[in-house]
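# Summary of structural features
Here is what each chain is made of, one letter per residue.
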Amino acid sequence: MLCGVRGNREPLCPACDAHLPRLPAARCAICALPVDGPVCGACMAHPPRYDAVTAVFVYEHPVDALIQAFKYGGNLALATLLGDALGRTVAATATGRADLIIPMPLSARRLRERGFNQALEIARRVGRMTGIPVAAGICRKVAETQPQAALPWKARAQNVRGAYVCDADLQGKKVAVIDDVMTTGATLNEIAKNLRRAGAVHISGWMVARALRKSAI
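Residues numbered from 1 in each chain as written. Predicted model: local features only at pLDDT ≥ 70, side-chain atom pairs only at ≥ 80, totals over all residues. Heavy atoms only, no water.

## Focus on unusual backbone geometry
Among all residues save glycine, negative phi is the norm, and among peptide bonds the norm is trans. For the bond from H61 to P62, the omega torsion is 5 degrees, close enough to zero to count as cis. Locating P62 in the fold gives a position in the loop between strand 1 (52–58) and helix 3 (63–71). A positive phi angle, close to 75 degrees, is found at A32, a residue other than glycine. Summarising the element assignment, A32 is placed in the loop between helix 1 (14–18) and helix 2 (41–45). When its relative accessible area of 0% is taken as the criterion, A32 is described as buried. (Helix = DSSP H or I, 4+ residues; strand = E, 2+ residues; numbered from the N terminus. Buried < 20%, exposed > 50% of the residue type's maximum accessible area, 1.4 Å probe, protein only.)

## What to know about helix 8 (residues 186–197)
Over its twelve residues, helix 8 runs 17 Å from end to end, which matches the ideal 16 Å to within 8%, given 1.5 Å per residue. Among the twelve residues in helix 8, ten count as buried, and that is most of the element. Of all the residues in helix 8, the buried ones are A186, T187, L188, N189, E190, I191, A192, K193, N194 and L195. Residue G199 follows helix 8 closely and has a positive phi angle near 110 degrees. (Expected span 1.5 Å × (residues − 1).)

## Overview of the side chain of R114
Among the structural elements, R114 can be located in helix 5 (residues 108–114). For the buried residue R114, which engages in no salt bridge, the nearest side chain bearing the opposite charge is D180, 6.3 Å off. Setting aside its immediate chain neighbours within four residues, R114 contacts K71, Y72 and L106. (Lys, Arg positive; Asp, Glu negative; His and termini not counted. Salt bridge = Lys/Arg side-chain N within 4 Å of Asp/Glu carboxyl O. Contact = heavy atoms within 4.5 Å.)

## Side note on the packing of aromatic side chains
One pass over the structure, following the stated rule, counts one aromatic pair. Taking 5.8 Å as the distance between ring centres and 35 degrees as the angle between the ring planes, the aromatic pair formed by F70 and F116 counts as tilted. Of the two residues, F70 sits in helix 3 while F116 sits in the loop between helix 5 and helix 6 (118–130), which places them 46 residues apart along the sequence. Here F70 matches F116 in class, with each residue buried. (Phe/Tyr/Trp six-rings, centres within 6.5 Å; stacked < 30°, edge-to-face > 60°.)

## Let's talk about the sheet that holds strand 6 (residues 202–210)
Here four strands make up an open sheet; going across it, the order is 1-6-5-2 and the pairing parallel. Of all strands in the sheet, those with a lone pairing partner are strand 1 and strand 2 (100–103), marking the two edges. Within this sheet the neighbouring strands show an average axis-to-axis angle of 20 degrees, counted without direction. By the bridge criterion, four bridges tie strand 2 to strand 5 (residues 174–182) in an arrangement that is parallel. Note that in strand 5 the partner of P103 across the bridge is I178. (Pairing = 2+ DSSP bridges. Axes fitted to C-alpha atoms, helices over the stretch in contact; angles between N-to-C directions.)

## Re the confidence of the model for the protein chain
Looking at the protein chain, pLDDT values average 90 and 90% of them are 70 or higher. Mean pLDDT values over the elements of the protein chain span from 67, in helix 7 (residues 156–159), up to 98, in strand 2. (pLDDT = per-residue confidence, 0-100.)

## Some thoughts on the pairing of strand 5
Within strand 5, eight of the nine residues are buried, which leaves it mostly tucked inside the rest of the structure. Two strands pair when backbone bridges link them, and strand 5 and strand 6 are joined in this way by eight bridges, in the parallel orientation. In the sheet register, A176 faces strand 6, and the bridge partner there is S204.

## Quick look at the packing of helix 4 (residues 78–91) against helix 6
Two packed helices can be described by the angle between their axes and the distance between those axes. One can describe the packing of helix 4 onto helix 6 by two numbers: an axis separation of 8 Å at closest approach and a directional angle of 45 degrees. Looking at the two axes, helix 4 sits oblique to helix 6. Considering only the axes of helix 4 and helix 6, their crossing is right-handed. Side by side, helix 4 and helix 6 meet where A79, T80, G83, D84, L86, G87, R88 and V90 of the first sit next to E121, I122, R125, V126, M129 and T130 of the second. When the residues that make up the contact of helix 4 with helix 6 are grouped by side-chain class, the tally is six nonpolar, four polar and four charged. (Parallel < 35°, antiparallel > 145°, perpendicular 65-115°, else oblique. Left-handed = near helix turned anticlockwise from the far one by under 90°. Nonpolar A, V, L, I, M, F, W, Y, C, P; charged D, E, K, R; others polar.)

Spelled out as structure tokens, the structure:
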């Protein structure tokens, strides 16, 4: 899909796969930003409502092109590539132990426009690989918000405030929220607030890609 070489049954040839930008091993245990120590200064100063993030790739070329082709171009075959990469990564980490997988919900209007929820398609692949149940309907997005990608980083937390509700009893549950990209963590933080209210005792974010702040690159 990237180099145009034909004859390979997989979406990417081995050479292209090997050159995808992966996150380094030295990263914050909470937000997954690359750091020298175990936890970054931002997470120590202002601990988020989630406990840990696992991500596979850095959100830069060509990973951004693959995700955009999947998310906006409707290339659903990429759910296998992206979901399997995430599934292999979480299966190898301590945060891969969860009771439920929750795909990041879309608003009803956005779901109608797109025709599918990219987070749910990824979650289905990860669920098959890990054996963890996917609970697609227990969290809902109840407010229409502007696309996060269109907003300055500092405005994103306000944009999603009050946008999610969780209808399930999650007392004592460890849950993992799956999405395609994490940028500021505002969306994950907002849904984690509702999962805490529902009784979740540990909340992980499982992301295909992590966008890096300029200061972290």
